[in-house]
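# Understanding the architecture of this molecule
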Amino acid sequence: MSATTDKQIADILATYGEPLAGNVWRVQGTAVIYHKALERIAVQARIRFDAPVIVRAERDEAVILVTGHMPGPNGDRTEWSIGEALIGVNYRVSGKQAAYVFAMAEKRAKDRVILKLAGLHGLLYSEDEADEFKASRPDLVAANQSRRPEPVREPQETEESDRESGAANDADLRAGEETGRAEAGSSEADLTARIDQAQSINAVTDLMLAPETQAALAAMPPGVRDEVREHAKARLVALGWPARSNAKPRKAAVA
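The structure contained in this document is the topic of the report that follows. Not measured: the values here are computed from a predicted model. (Residues numbered from 1 in each chain as written. Predicted model: local features only at pLDDT ≥ 70, side-chain atom pairs only at ≥ 80, totals over all residues. Heavy atoms only, no water.)

## Things to note about helix 3 (residues 101-118)
With 18 residues, helix 3 extends 26 Å between its outermost C-alpha atoms, agreeing within 8% with the 26 Å of an ideal straight helix rising 1.5 Å per residue. Among the 18 residues of helix 3, 13 are classified as buried, and the element is accordingly described as predominantly covered. Taken from the residues just after helix 3, glycine 119 is the one with a positive phi, measuring 80°. (Helix = DSSP H or I, 4+ residues; strand = E, 2+ residues; numbered from the N terminus. Expected span 1.5 Å × (residues − 1). Buried < 20%, exposed > 50% of the residue type's maximum accessible area, 1.4 Å probe, protein only.)

## Focus on helix 8 (residues 211-219)
Inspection of helix 8 places Thr213, Gln214 and Leu217 among the buried residues, and these make up the whole buried set. Looking straight down helix 8, one finds its buried side chains confined to an arc of 100°; they lie on one side. Those residues of helix 8 that are exposed and angled more than 90 degrees off the buried face are Pro211 and Ala219. (Arc of directions from axis to C-beta.)

## Description of the pattern of salt bridges
Inspection of the entire model under this criterion finds 11 salt bridges. The closest approach of N and O atoms between glutamate 79 and arginine 77, which form a salt bridge, is 3.6 Å. Here the two residues glutamate 79 and arginine 77 agree in accessibility, since each one is buried. Each of Glu84, Arg112 and Glu129 takes part in salt bridges that share partners, so that together they form one network. (Salt bridge = Lys/Arg side-chain N within 4 Å of Asp/Glu carboxyl O.)

Shown next as structure tokens:
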């Protein structure tokens, strides 16, 4: 994705008080945005939806038509889109995972409508648009990479050895938890320091979008991760990034 496209996406997101960093990532050059970020944009833009219209209803397939309206200076703008979910084709489930074809179809349709009304259609896609988009989420990728198989333990010969082993394992667990907390704190301090050192909006955005940064954020406890993201947003505002309250009204382009 070109720097020009990045800037265009960032400018539109800023209209709704959302930064590019932490909300958007790339899959083979395609920009992808979190579903939750689109929900927040819908709230900020005061988008309202009509009742969905079911176009197709099968056991393994759902096709739903969704229409949305967004208020503007010249009256409401209206967009519609169709969401589809067909198990085994564009909606994969594995193992004992429950399949919710209607919920997925509605989510896809609403996300497409939000993108159209916000002027983002054609610039990026919702994470729910394709399974590979969701599977590539930075937090999920980092979590999968951090998983390690547990070591195989040899059976102990005596009860005394069992007790000694149990005590040692408890001590190791406590030490591991303390180390994890220390590493999370160190990672947070390092990342916030790098954010503070960034001298431009693009520098903060590039830092937050970097794969190593996404991996570090994914490894942090949720509360710490949110604090770092808020710190990055505050730094963007300090560098001149337009918070929504200060942004000029923008008429989103019709897709």
